[in-house]
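The primary structure of each chain is shown beneath.
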Amino acid sequence: QVQLVESGGGLVQAGGSLRLSCTASVRTSSSSVMGWFRQAQGKEREFVAAITGNGGDTRYADSVKGRFTISRHNAKNTVYLQMNSLKPEDTAAYYCAAHSSIWTMISNQNGIVYWGKGTLVTVSS
């Protein structure tokens, strides 16, 4: 059983930055794809970013490309989401997820078993 715990959310002004962290309860192996999703109030949860086990492949939603960067530190069992140039529309609860397939991570979140409980990001205008 993998437990994922997010941290780093908070209130920031538009144009500011935040770095989210997600720490896994077990060693994140090279076969474990990690991802970030978000859900704004009244909206469906959406894919934000994903990274393969060795960090060699990263994917982003179009809405965050060029502003967000996903990275991981396997020795610390941690994945990060650096968010720059934040906009009010980035306001949401951000969730960490783990799966073995990057394609499932990107296109079939219903197939993901391991989720964190989320951390709230609020961007004020």
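This write-up is about the structure you can find in this document. If you're wondering where the values come from, they're calculated on a predicted model, not measured in any experiment.

**Let's talk about the overall build of the protein chain**
A count of helical and extended segments in the protein chain gives 1 helix and 11 strands. Listing the helices and strands of the protein chain from first to last along the sequence gives β-β-β-β-β-β-β-β-β-α-β-β. The C-alpha atoms of the protein chain give a radius of gyration of 13 Å, which matches the 14 Å a tight globule of 125 residues would have. Each principal axis of the C-alpha atoms in the protein chain carries an extent, and together these give about 40 × 25 × 25 Å. Here the protein chain holds 125 residues, and the buried ones make up 43% of them.

**Focus: unusual backbone geometry**
A positive phi angle, near 55°, is found at asparagine 77, a position not held by glycine. Looking at where asparagine 77 falls in the secondary structure, it is placed in the loop between β7 (68–73) and β8 (78–83). Phi at serine 85 takes a positive value of approximately 50°, unusual for a residue other than glycine. With a relative accessible area of 41%, serine 85 lands in the partly exposed category.

**Quick look at the packing of aromatic side chains**
All told, the structure shown has 2 aromatic pairs when counted by the stated rule. Measuring from centroid to centroid gives 5.7 Å for phenylalanine 37 and phenylalanine 47, while their planes differ by 75°, and the two rings are edge-to-face. Of this pair, phenylalanine 37 sits in strand β4 (residues 33–39) while phenylalanine 47 sits in strand β5 (residues 46–51); the two residues are 10 residues apart in sequence, bridging distant segments of the chain. Ring geometry for phenylalanine 37 against tryptophan 115: centres 4.9 Å apart, planes inclined by 65°, an arrangement best described as edge-to-face. Of this pair, phenylalanine 37 sits in strand β4 while tryptophan 115 sits in strand β10 (residues 114–115), and the two are 78 residues apart along the sequence. What makes phenylalanine 37 buried here is its relative accessible area of 1%. Members of the aromatic cluster, joined through ring pairs, are Phe37, Phe47 and Trp115. Sitting above the plane of the tryptophan 115 ring, arginine 45 keeps its charged end 3.6 Å from the centroid.

**Things to note about the pairing of β5**
Most of β5 is tucked away, with 5 of its 6 residues classed as buried. Bridge analysis of β4 against β5 gives 5 bridges, and the strand direction is antiparallel. Residue pairing in the sheet places arginine 38 in a bridge with glutamate 46 of β5. Here β4 folds back onto β5, and the loop between the two strands holds 6 residues, one of which, glycine 42, carries a positive phi near 80°. Pairing of β5 with strand β6 (residues 58–60) involves 3 bridges; the strand directions are antiparallel. Residue pairing in the sheet places alanine 49 in a bridge with tyrosine 60 of β6. Taken together, β5 and the strand that follows it, β6, pair antiparallel across an intervening segment of 6 residues, in which glycine 55 is found at a positive phi of about 80°.

**Some details on the side chain of threonine 104**
Positionally, threonine 104 belongs in helix α1 (residues 102–107). Since its relative accessible area comes to 16%, threonine 104 is described here as buried. Setting aside anything within four residues of it in sequence, one finds threonine 104 in contact with His99, Gln109, Gly111 and Ile112.

Calculation rules
- Residues numbered from 1 in each chain as written.
- Predicted model: local features only at pLDDT ≥ 70, side-chain atom pairs only at ≥ 80, totals over all residues.
- Heavy atoms only, no water.
- Helix = DSSP H or I, 4+ residues; strand = E, 2+ residues; numbered from the N terminus.
- Rg over C-alpha atoms; globule rule 2.2 N^0.38 Å.
- Buried < 20%, exposed > 50% of the residue type's maximum accessible area, 1.4 Å probe, protein only.
- Phe/Tyr/Trp six-rings, centres within 6.5 Å; stacked < 30°, edge-to-face > 60°.
- Lys NZ or Arg CZ within 6 Å of the ring centre and 35° of its normal.
- Pairing = 2+ DSSP bridges.
- Contact = heavy atoms within 4.5 Å.

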